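Each chain is listed here by its residues.
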Amino acid sequence: MKIIIAGCGAVGFHLAELLSKENQDIVLIDTDEEVLRHVNNHLDVMVIRGDAASTSILEQAKVSSAKLFIAVTTSEKTNLLLTILAKQMGATKTIARINNSEYLTQHEKERFRNLGVDVLISPQQLAAQEIVRLLERASFTDLFEFDEGMISVVGFTLDMSSTFINRSIYEINSSISNFAFRGIALLRSGKTIIPTGETVLRKGDHLYIATQSKYLDVAINYVGKQLKPIKNIMIVGGTMLAVKTAKLIEDRYNITVVMKNKQQEKFCVEQLRRGLVIHADPGNIDILKEEGLEDMDAFIALTPNSETNIITSLTAEKLGVYKTIALVDNINYTHLSQNIGIDTIINKKLIAANNIFRFVRKGKVEAVASLHGVNAEVIEYIVHKKNRLLRNTIKELHFPKKSIIAGVIRNNEGYIPDGDFRFEIEDKVIVLALPEAIRQVEEIFK
């Protein structure tokens, strides 16, 4: 697939890096010669130096043959202009990165679609929405809901209070009558394992399971971490993400927002109807304590500095804060969260990439998700045509060993299928696959 990316900032470079590993035909456009030199030294992609808003540059990139055009420059207006131009010049599908959440209403999205912008992506809005989901199910480190929770994938670390310790997946499934789940991934000593029925769980394992939404409250009982309702939340960081997150949760929780930038602080006060906004250094632990850190149920670190977010979150965890969430820019840090004590580490680039990746995958893909620290993807496919998927049971389809079917959604109901399950047209099938198995899985659902 020919993919053109305009803008080689953090999101653009990360997308190019991920897509180049997929053996896609990637063209990256940027005006910064030094940035493009860095790309040339690290990625196997074609680079073009120039203004992507120039039609001659777009012609040089052969935009007319592009299956996907992604505009992720730092300018929202530029991204919208680029995607409109690319569409008019022949690009099949266009995606624009935006900041203004007003554009994400159904009416506005339809307006932009008519202009040639097929998909609008707001990394900040997506990250804020993920934080909201994590707060709603605070005992889990990760929560991904498919079709509004018909099937949910959740992650948690097994401590000594978990009843799963020293038991096999098969034994657990056999002994629990009121809880249907499937263990789909296990993070152990930094290694990703797809568990089988014989896999015995150990203390410190980070387990990901798929289950129906009606069982989520039951699942919490087996996590091991004592359930505690979230009421008081501290958010630190003078960023737009901090403001967006505060706006989304202010009606449900008591929030304290700590910001160092006076201009951002003023903007936050104007945006919020409730909540306390404090002018202070988010990295100063003593000040955070004075402002009630030890009385908080959740701590969300959203400063522009990844190290500050990690250190303050670790401190909050040690002070007894129940739920900690830290924003990081360095993707390598996302593998650390389960090992260093932070409940959840989030990365805007990964969240945006997951939303874009569904347009790259072969087959009819509804959604793509990445589990924190896990070297695998969760992909939701739609069974869209009659082929061997319908003629055979799951066990007869011979899925790759490094993949697993997490769940199936049929007629607005979730299922955890066994080997005798048969797919039907319009079934939504949620599959976890390690990188080396993705191509084989794509061929099955193609």
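Residues numbered from 1 in each chain as written. Predicted model: local features only at pLDDT ≥ 70, side-chain atom pairs only at ≥ 80, totals over all residues. Heavy atoms only, no water.

**Comments concerning the side chain of Lys-323**
Here's step 1: For Lys-323, the position within the fold is in strand 16 (residues 323-327).
Here's step 2: A distance of 3.4 Å separates polar atoms of two side chains, one belonging to Lys-323 and the other to Thr-344.
Here's step 3: Non-local contacts of Lys-323, meaning those with residues more than four positions away in its chain, are made with Leu-134, Ala-138, Phe-140, Thr-141, Ile-230, Asp-297, Ala-298, Phe-299, Asp-343 and Thr-344. (Helix = DSSP H or I, 4+ residues; strand = E, 2+ residues; numbered from the N terminus. Polar contact = N/O pair within 3.5 Å; in protein donor to acceptor, adjacent residues only side chain to side chain. Contact = heavy atoms within 4.5 Å.)

**Overview of the nonpolar core**
Here's step 1: If you look at the biggest cluster of nonpolar residues, it comprises 77 residues, and the most contacted ones within it are Ile-5, Ile-233, Phe-423 and Phe-445.
Here's step 2: Counting residues per element, this core draws most heavily on helix 6 (residues 123-136), at seven residues.
Here's step 3: Each residue touching Phe-423, except ones within four places of it in the same chain, is listed here: Val-383, Leu-389, Leu-390, Ile-394, Leu-397, Ile-405, Val-408, Arg-410 and Val-429.
Here's step 4: By size, the runner-up hydrophobic cluster in this structure holds 21 residues, among which are Leu-143, Val-154, Leu-201 and Leu-216. (Core = buried A, V, L, I, M, F, W, Y, C linked by side-chain atoms within 4.5 Å. Buried < 20%, exposed > 50% of the residue type's maximum accessible area, 1.4 Å probe, protein only.)

**Some remarks on helix 10 (residues 262-271)**
Here's step 1: Those residues of helix 10 that fall on the buried side of the exposure criterion are Gln-264, Glu-265 and Cys-268. Angular distribution of buried residues about the axis of helix 10 spans 105°; they occupy a single face of the element. Seen from the open side of helix 10, the exposed residues pointing more than 90 degrees away from its buried face are Lys-262, Gln-263, Lys-266 and Glu-270.
Here's step 2: Those residues of helix 10 that are buried are in contact with helix 9 (240-249), strand 13 (254-259) and strand 14 (276-279).
Here's step 3: Of the residues flanking the start of helix 10, the one acting as N-cap is Asn-261, its side-chain oxygen 2.9 Å from the backbone nitrogen of Gln-263. (Arc of directions from axis to C-beta.)

**Quick look at the sheet that holds strand 4 (residues 68-71)**
Here's step 1: Ordered by their spatial adjacency, six strands build an open sheet running 3-2-1-4-5-6, and the pairing between neighbours is parallel. Two strands lie at the open edges of the sheet, namely strand 3 (46-49) and strand 6 (119-121), each paired on one side alone. Each neighbouring strand pair of the sheet contributes to a mean axis angle of 20°, computed without reference to strand direction.
Here's step 2: Bridging between strand 1 (residues 2-6) and strand 2 (residues 25-30) involves five bridges; their strand directions are parallel. When the bridges of strand 2 are listed, Lys-2 appears paired with Asp-25.
Here's step 3: Where helix 2 (residues 33-42) meets the sheet, its contacts fall on strand 2 and strand 3, and the angle it forms with strand 3 comes to roughly 170°. (Pairing = 2+ DSSP bridges. Axes fitted to C-alpha atoms, helices over the stretch in contact; angles between N-to-C directions.)

**Side note on the pattern of salt bridges**
Here's step 1: The full count for this structure, using the stated rule, is 17 salt bridges.
Here's step 2: Between Lys-428 and Asp-147 there is a salt bridge, with its nearest N and O atoms 2.8 Å apart. Linking Lys-428 in strand 22 (residues 428-433) with Asp-147 in the loop between strand 7 (142-146) and strand 8 (151-157), this pair joins segments that are 281 residues apart in sequence.
Here's step 3: Judged by relative accessible area, Lys-428 falls into the buried class, the value being 18%. (Salt bridge = Lys/Arg side-chain N within 4 Å of Asp/Glu carboxyl O.)

**Points about the packing of aromatic side chains**
Here's step 1: In the structure shown here, the tally under the stated rule is nine aromatic pairs.
Here's step 2: Taken together, the ring pairs in this structure connect Tyr-381, Phe-399, Tyr-415, Phe-421, Phe-423 and Phe-445 into an aromatic cluster. (Phe/Tyr/Trp six-rings, centres within 6.5 Å; stacked < 30°, edge-to-face > 60°.)

**Quick look at the pairing of strand 20 (residues 403-410)**
Here's step 1: In terms of residue burial, strand 20 counts as a mostly covered element, since eight of its eight residues are buried.
Here's step 2: As judged from the six bridges shared by strand 20 and strand 22, these two strands associate in the antiparallel manner. Residue pairing for strand 22: Val-408 is matched across the bridge by Val-429.
Here's step 3: Hairpin connection, strand 20 to strand 21 (residues 413-415): the antiparallel pair is bridged by two residues, and Asn-411 has positive phi, about 50°.

**Points about the environment of Asp-329**
Here's step 1: Checked against the element boundaries, Asp-329 lands in the loop between strand 16 and helix 13 (337-340).
Here's step 2: On the basis of relative accessibility, which here comes to 38%, the residue Asp-329 falls in the partly exposed class.
Here's step 3: When the C-alpha atoms of Asp-329 and Ala-219 are compared, they prove to be 31 Å apart, with 110 residues separating the residues in sequence.
Here's step 4: In this structure Asp-329 touches Pro-304, Ser-306, Asn-347 and Lys-349, once residues within four positions along its chain are discounted.

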